[in-house]
Amino acid sequence: MTKLSRIAALALLAIIVLATLSPIQVRPHIADANVERALAYLLLGLAVALGFPNRVYQAVIFVVATAGILELLQIIDPSRHARLIDALVKAFAGVAGIVAGQLLVRTGGRKSES
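In this report, the structure presented in the accompanying data block is examined.

The rules behind the values
- Residues numbered from 1 in each chain as written.
- Predicted model: local features only at pLDDT ≥ 70, side-chain atom pairs only at ≥ 80, totals over all residues.
- Heavy atoms only, no water.
- Helix = DSSP H or I, 4+ residues; strand = E, 2+ residues; numbered from the N terminus.
- Expected span 1.5 Å × (residues − 1).
- Buried < 20%, exposed > 50% of the residue type's maximum accessible area, 1.4 Å probe, protein only.
- 1 Å grid on protein atoms, 1.4 Å probe; cavity = no way out; pocket = protein on both sides within 12 Å on 5 of 7 lines; lining within 4 Å.
- Points joined across faces, edges and corners; volume = space filled by probe spheres on them.
- Nonpolar A, V, L, I, M, F, W, Y, C, P; charged D, E, K, R; others polar.
- Core = buried A, V, L, I, M, F, W, Y, C linked by side-chain atoms within 4.5 Å.
- Contact = heavy atoms within 4.5 Å.
- Salt bridge = Lys/Arg side-chain N within 4 Å of Asp/Glu carboxyl O.
- Patch = residues over 30% accessible without salt bridge, like charges linked within 9 Å, V, L, I, M, F, W, Y side chains within 5 Å.
- Areas by Shrake-Rupley, 256 points an atom, 1.4 Å probe, with all protein chains shown as cover.

### Some points on helix 2 (residues 33-51)
Right, on to step 1. Relative to the 27 Å expected for 19 residues at 1.5 Å per residue, helix 2 spans 27 Å between its end C-alpha atoms, a close match to the ideal helical length.
Right, on to step 2. Among the residues of helix 2, those classed as buried are Glu36, Arg37, Tyr41, Leu44, Gly45, Ala47, Val48, Ala49, Leu50 and Gly51.

### What about the layout of surface pockets?
Right, on to step 1. Taken as a whole, the largest pocket holds about 510 Å³ of empty space.
Right, on to step 2. Along the wall of the largest pocket there are 22 residues; nearest its centre are Ala19, Arg27, Glu36, Arg37 and Ala40.
Right, on to step 3. Taken together, the elements giving at least two residues each to the lining of the largest pocket come down to helix 1 (2-21), helix 2 and helix 4 (84-113).
Right, on to step 4. If one sorts the elements of the lining of the largest pocket by residue count, helix 2 sits on top with 7 residues.
Right, on to step 5. When the residues that make up the lining of the largest pocket are grouped by side-chain class, the tally is 12 nonpolar, 3 polar and 7 charged.

### Details of the nonpolar core
Right, on to step 1. In terms of nonpolar packing, the biggest core is built from 14 residues, with Ala9, Ile16, Tyr41, Leu44, Val48 and Ile98 touching the most fellow members.
Right, on to step 2. For this core, the secondary structure elements donating two or more residues are helix 1, helix 2, helix 3 (56-73) and helix 4.
Right, on to step 3. Counting residues per element, this core draws most heavily on helix 2, at 5 residues.
Right, on to step 4. Among all residues touching Ile98, those that are not within four sequence positions of it are Gly45, Leu46, Ala49, Val56, Ala59, Val60 and Val63.

### Some thoughts on the environment of Asn54
Right, on to step 1. When you line up the elements, Asn54 lands in the loop between helix 2 and helix 3.
Right, on to step 2. Remark: the alpha-carbon pair of Asn54 and Leu13, spanning 41 residues in sequence, is separated by 20 Å.

### Let's talk about the pattern of salt bridges
Right, on to step 1. The full count for this structure, using the stated rule, is 3 salt bridges.
Right, on to step 2. Where Asp86 meets Arg37, a salt bridge forms, and the shortest distance between an N and an O atom there is 3.3 Å. In this pair, Asp86 sits in helix 4 while Arg37 sits in helix 2, placing the two residues 49 residues apart along the sequence. Take Asp86 and Arg37: they sit in the same class, and that class is buried.
Right, on to step 3. Salt bridges linked by common partners bring Arg37, Arg83 and Asp86 together as one network.

### Looking at a nonpolar patch on the surface
Right, on to step 1. Together, Leu21, Ile69, Leu73 and Ile76 make up a nonpolar patch on the protein surface, roughly 370 Å² of accessible area in all.
Right, on to step 2. For Ile76, the location among the structural elements is in the loop between helix 3 and helix 4.
Right, on to step 3. Given the relative accessible area of 69%, Ile76 is considered exposed.

Next up, the structure:
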């Protein structure tokens, strides 16, 4: 499960980087922008938490830093904009994914001990 989660985290990171840094016309649209942001980072946080269950603080730093850095890098493309609120939505959703992943790890561990 850990190896699969790490692969999923890497794939999600690649998708997020491409969607975040591509021109707005090329970026896929499946829902409201805030829903897309939140869902992408929630899944990333979940995958990172499951892939690295004993590295909670590092996972939080990674997800929050990724959200901030990628948001800032949008300055490069004139069709995109870097906004603090977007970075905060991404960071909050990523941390929520990590919390959910930690809950799954901890409750899964208890079930196997019984």
